[in-house]
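Working through the structure, step by step
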Amino acid sequence: MPSKKKTFSNNEIQIFNDAVILKRGDYWQFRMWLTKERKYARFSLKTRNESQARDKAELHYHQLKSLELQGKTYFSITTKDGVEMYLEQRQKDVDAGLIVKGRYSTIKTHLEHWLDFIKRDTKLKELDRNDCENYFHTRTKTRKGISINQVTVENEQSSINAMMKWLYNKKETYINGFDFKKLPRIDRGDEGNRRSTFSDQELIDITKVTESYIAEAQTNIEEKGNLVKAITGYYILISMISGMRRGEQLNLRWQDIEEIEHKVDGKDYNLVKIKVRAETTKVRKTRVFVVKDLDNFDRLFKLLQPRFVNREKGKEKPLKFASSLIFSTNGVSKLTPRAIGYHFEKIMELAEIKDIDTRDLVPYSFRHTYITQKVNSNLTPTAVAEMCGTSVTQIEKTYYHTSEAKMISNALAEYYIKDGMLIPK
């Protein structure tokens, strides 16, 4: 027996047998009854044009019918649920050693910004490839005078589309990524586009202030907060001379460093060999490098070593000092990003560093400064990449810009011609 013919209101346009489009306000809407789910699928077609609305509606109709034939449901989880699913998977990657915890935290932050933009209760299956075309514009709006770097937004967009591809493979969305607007090519030679760095004089001022900051804390180290204050001070000093990423530095253990005696032309140098273990760095590759140190590791050792010898960790075996974390009050718990940020701001204020917000200066800026200094000291990009645990391409693209000192050095350099090539004298 044939089913009863459906009737529709005057303001509704029939699409095939059991779907309609109708106009509400300026935009056309789609509605279709889903028998198995006993619900209406309702959503905006995001167009004011009737012809486009019909085309889109027919496409959605076929997609819904296809899902029905496959025994799949239409009703979707929200963007918030999708992000939680994806982060659970990335946490498994952390547990398996495929990515470091710091990378997980970065991805989580990127997706939080996306949720703020797309809204947390938006249905994943209602997303369109063009829904994030204004993401860059929205994210780069200034907030409290703080600008967002284009590179930061580009990295966020990569994280977002990586998640969307994963959700698409899980059949949670109809699209495998967003068509973000093509961003302008960054002029790496423009001073305003360089990574946030400190000047040589600012580094001198910061070092002096940090030394005093540590000394003040150590005059009464047992007072609440002073141990963290001193350790964070050493963390900042060592950041300046090592250029390590935060996660690499916070995961350093005393067994990862070794003092080296070195003499050149009768002059003694205090050197420290540092081993960054593969599991603590985002590039998943162990590297060993040497830095010049003005006794920072030694002074921190003398501060912490008496506190850790034979210290017990709960009911486990006594904690050996060599395997304890360097930047920790108990050898087990790392300094928190909040503590680092708090003391960084205090030190910047005492050192009278100007325009911190507009220059986007953060603790990670010590790494940017370190790499820039090495590049401008005429070290090859390959050598700098090996020291800092990054790629040659990244060094050349991001850091290999010309400083005034380097321009002067280039201008004064002399060459001779051999076999048609310029050879420096």
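All of the points below concern the structure found in this document. Just so you know, these numbers come straight off a predicted model, no measurement behind them.

Glancing now at the nonpolar core. Grouped together as the largest cluster of nonpolar side chains are 53 residues, with contacts concentrated most on Phe-198, Ile-206, Ile-274, Leu-300, Leu-304, Phe-327 and Phe-366. Per-element accounting of this core gives the leading share, nine residues, to helix H7 (residues 226-242). Residues within four places of Leu-304 in sequence aside, it is in contact with Leu-227, Ile-231, Trp-254, Phe-321, Ile-326 and Ser-328.

Moving on to the sheet that holds strand E6 (residues 267-276). The sheet built from three strands is open, its strands ordered E5-E6-E7 with antiparallel pairing. Single-partner strands in this sheet number two, and they are strand E5 (257-264) and strand E7 (287-292). Taken pair by pair, the neighbouring strands of this sheet meet at an average axis angle of 30°, ignoring direction. One ladder, built from eight bridges, connects E5 with E6; its direction is antiparallel. Bridged to Glu-259 within E6 is Val-272.

Now for the sheet that holds strand E3 (residues 27-34). Within the open sheet, the four strands sit side by side as E1-E2-E3-E4. Their pairing is antiparallel. The two strands at the open ends of the sheet, each matched to only one other strand, are strand E1 (12-15) and strand E4 (39-44). Each strand of the sheet is rotated relative to its neighbour by a mean of 25°, with strand direction disregarded. For E1 and strand E2 (residues 19-24), the ladder comprises four bridges, and the chain directions are antiparallel.

So, how was this worked out
Residues numbered from 1 in each chain as written. Predicted model: local features only at pLDDT ≥ 70, side-chain atom pairs only at ≥ 80, totals over all residues. Heavy atoms only, no water. Core = buried A, V, L, I, M, F, W, Y, C linked by side-chain atoms within 4.5 Å. Buried < 20%, exposed > 50% of the residue type's maximum accessible area, 1.4 Å probe, protein only. Helix = DSSP H or I, 4+ residues; strand = E, 2+ residues; numbered from the N terminus. Contact = heavy atoms within 4.5 Å. Pairing = 2+ DSSP bridges. Axes fitted to C-alpha atoms, helices over the stretch in contact; angles between N-to-C directions.

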